[in-house]
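Understanding the architecture of this molecule
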Number of protein chains: 2
Amino acid sequence: MERSITPKGQASRARLLQAAATEFAAKGFAATKVSDIVKAAGLTQAAFYLYFSSKEAMFAELVQEFREQLKHLASAGAIASGLPAEQVPVQVKANLQAVFAFLGTMPELTKIALVESPDAEAIKSEMIAMVIENMKKNQEAGYVRKELVPEVAAECMMGMVDRLCMKWLVTQDKDAETLAAEMADVLMYGILA
Amino acid sequence: MERSITPKGQASRARLLQAAATEFAAKGFAATKVSDIVKAAGLTQAAFYLYFSSKEAMFAELVQEFREQLKHLASAGAIASGLPAEQVPVQVKANLQAVFAFLGTMPELTKIALVESPDAEAIKSEMIAMVIENMKKNQEAGYVRKELVPEVAAECMMGMVDRLCMKWLVTQDKDAETLAAEMADVLMYGILA
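Everything numeric here is computed off the predicted structure, so don't read it as measured data. (Residues numbered from 1 in each chain as written. Chains lettered and ligands numbered in written order. Predicted model: local features only at pLDDT ≥ 70, side-chain atom pairs only at ≥ 80, totals over all residues. Heavy atoms only, no water.)

1. A few points about the overall build of chain A
- Along the backbone of chain A there are nine helices and zero strands.
- Along chain A, from the amino end to the carboxyl end, the secondary structure elements read α-α-α-α-α-α-α-α-α.
- A principal-axis box enclosing the C-alpha atoms of chain A has dimensions of 60 × 35 × 25 Å.
- Sorting the 193 residues of chain A into buried and exposed places 50% on the buried side.
- Of the roughly 9,200 Å² of accessible surface on chain A, a fraction of 55% belongs to carbon and sulfur atoms. (Helix = DSSP H or I, 4+ residues; strand = E, 2+ residues; numbered from the N terminus. Buried < 20%, exposed > 50% of the residue type's maximum accessible area, 1.4 Å probe, protein only. Areas by Shrake-Rupley, 256 points an atom, 1.4 Å probe, with all protein chains shown as cover.)

The following block contains the structure:
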């Protein structure tokens, strides 16, 4: 069925997903009706059921897509071996910025996926597992201190991303670049004078 | 009325609070009945209503007490000025250990206060506000890097404590001392080699 969707149909489908993310984030999943979603998207209920079997299926699709993209981003955290030491901070900042830029693009969806969804903790665990892998590679390559426990450092990173994101990114009070630079400063050099 | 509680009565009251924390954490607040609490405490419904007006009042008391104690601990994070630089890491570790020790004493209550309670985010915000104050004092005293944004560093700390606590402390997989040392290492010196 997907195969036969016209370009116009694809645009409608995308509009429905975007509207749903906004409605879910504003009202919560339970209180959002299909009629709210189609109204926000400027479409009809018939259009909705052309592309989605139910509100639940649509929600699952939103979260699943978010999850795939975040996994892809988290997997990029291993620093290419051979990078000169002075380039490492630039790379760490760039990686964090990519993550924050993604999380800030659709703040509503971010709030759903990282807070409201029953999969929120599973999504974070998946990210943490990739950060642990990257951390170990970066330790072997000599970029990250060998005494650190990778599992602990990864939980710390997730905790930082999570709170900074909810406090300043999804509220649009700070942009991805600023937050990435501020978090990288704490993460890379610690707080001690 | 409080004034007339006998020592035996005080012990019963404490047993009810302890049992309630365990039941709330295991079943959630809504699914826990007063009958579950009194059964777990080995007491009667009559005893319960001698000390608490309702399940809600008891829950509020548990969370309120937790909140007061945590606030007290967080306020201790400013490093006494005049401390020799080499003692600062010892002090930071000790402060973190006190926080983790408190959070680990009644893991059920910690889960309620930091996750399940509607006040969870308010409790964290209160802690963060104190950490920001301490951070500023520690910057002025020259213990913490002046380039750091105190608000950002404080959110990062809260994120770390939160995740490490839920991952290893309330599950009793790591003790307060180990977690404090591992978090202090990341927090004080950062991850870069």
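2. A look at the UniProt feature "domain: HTH tetR-type" (unreviewed entry) in chain A
- Mapped onto the present numbering, the UniProt feature "domain: HTH tetR-type" (unreviewed entry) falls on residues 10-70 of chain A.
- As annotated, residues 10-70 of chain A has a helix share of 80% and a strand share of 0%, and its two end C-alpha atoms lie 23 Å apart. (UniProt positions renumbered as here; feature names shortened; annotations may be inferred.)

3. Remarks on the domain arrangement of chain A
Residue and element names in this part refer to chain A.
- For chain A, the assigned domains read domain 1 (2-52) and domain 2 (62-189).
- Domain 1 and domain 2 are separated by 30 Å when their C-alpha centres are compared.
- Every contact between the two is made by nine residues of domain 1 and, on the other side, six residues of domain 2.
- A buried area of about 650 Å², summed over both sides, lies between domain 1 and domain 2, and 70% of it is on carbon and sulfur atoms.
- On the domain 1 side of the interface with domain 2, the three residues burying the most area are Leu17, Ala21 and Ala25, jointly 55% of the side's total.
- Between domain 1 and domain 2 we count zero salt bridges in total. (Domains from an automatic or database assignment. Contact = heavy atoms within 4.5 Å. Buried area = accessible area lost by both parts, 1.4 Å probe. Salt bridge = Lys/Arg side-chain N within 4 Å of Asp/Glu carboxyl O.)

4. Some words on the packing of aromatic side chains
Residue and element names in this part refer to chain A.
- Throughout the structure, instances matching the rule amount to 12 aromatic pairs over all chains.
- With 5.2 Å between their ring centres and 50° between their planes, Phe24 and Phe29 make a pair best called tilted.
- Phe24 sits in the buried class, given a relative accessible area of 0%.
- On the basis of an interplanar angle of 50° and a centroid distance of 4.7 Å, the ring pair of Phe29 and Phe59 is categorised as tilted. Residue Phe29 is located in the loop between helix H1 (7-27) and helix H2 (34-41), and its partner Phe59 is located in helix H4 (residues 55-74); the two are separated by 30 residues in the primary sequence.
- Look at Phe59 and you get buried, because its relative accessible area is 11%. (Phe/Tyr/Trp six-rings, centres within 6.5 Å; stacked < 30°, edge-to-face > 60°.)

5. Considering helix H5 (residues 88-105) of chain A
All names here are of chain A.
- Taking 1.5 Å of rise per residue, the 18 residues of H5 would be expected to cover 26 Å, and the 26 Å separating its terminal C-alpha atoms lies within 8% of that figure.
- Buried within H5 we find Val88, Pro89, Val92, Leu96, Val99, Phe100, Phe102, Leu103 and Gly104.
- Contacts made by the buried residues of H5 are with H4, helix H6 (107-116), helix H7 (120-140), helix H8 (150-169) and helix H9 (176-189). (Expected span 1.5 Å × (residues − 1).)

6. Some words on the pattern of salt bridges
- Summed over all chains, the structure comprises 23 salt bridges over all chains.
- Across the salt bridge formed by Glu126 of chain A and Arg67 of chain A, the nearest N and O atoms sit 3.1 Å from each other. Of this pair, Glu126 of chain A sits in helix H7 while Arg67 of chain A sits in helix H4, and the two are 59 residues apart along the sequence.
- Residue classification places Glu126 of chain A among the partly exposed positions, given a relative accessible area of 22%.
- Owing to a relative accessible area of 16%, Arg67 of chain A belongs among the buried residues under this scheme.
- In this structure, Asp162 of chain B engages Lys124 of chain B in a salt bridge whose closest nitrogen and oxygen atoms are separated by 2.7 Å. Pair noted here: Asp162 of chain B is in helix H8 (residues 150-169) and Lys124 of chain B is in helix H7 (residues 120-140), with a separation of 38 residues, a long-range link.
- For Asp162 of chain B, a relative accessible area of 14% corresponds to the buried category.

7. Details of the packing of H6 of chain A against H7 of chain A
Residues and elements named next belong to chain A.
- Between H6 and H7, whose axes approach to 6 Å, the crossing angle comes to 90°. As summarised for this structure, H6 and H7 are arranged roughly perpendicular, according to the angle between their axes. Contacts from Ala113, Leu114 and Val115 of H6 reach H7 at Ala120, Ile123 and Lys124. (Axes fitted to C-alpha atoms, helices over the stretch in contact; angles between N-to-C directions. Parallel < 35°, antiparallel > 145°, perpendicular 65-115°, else oblique.)

8. Re helix H5 (residues 88-105) of chain B
- Listing the buried residues of H5 of chain B in full gives Val88, Pro89, Val92, Asn95, Leu96, Val99, Phe100, Phe102, Leu103 and Gly104 of chain B.
- Considering only its buried residues, H5 of chain B is in contact with helix H4 (55-74), helix H6 (107-116), H7, H8 and helix H9 (176-189) of chain B.

9. With respect to the UniProt feature "DNA-binding region" (unreviewed entry) in chain A
- Under the present numbering, the feature "DNA-binding region" (unreviewed entry) in UniProt falls on residues 33-52 of chain A.
- Regarding residues 33-52 of chain A, the helix share stands at 75% and the strand share at 0%, and the terminal C-alpha atoms are separated by 14 Å.

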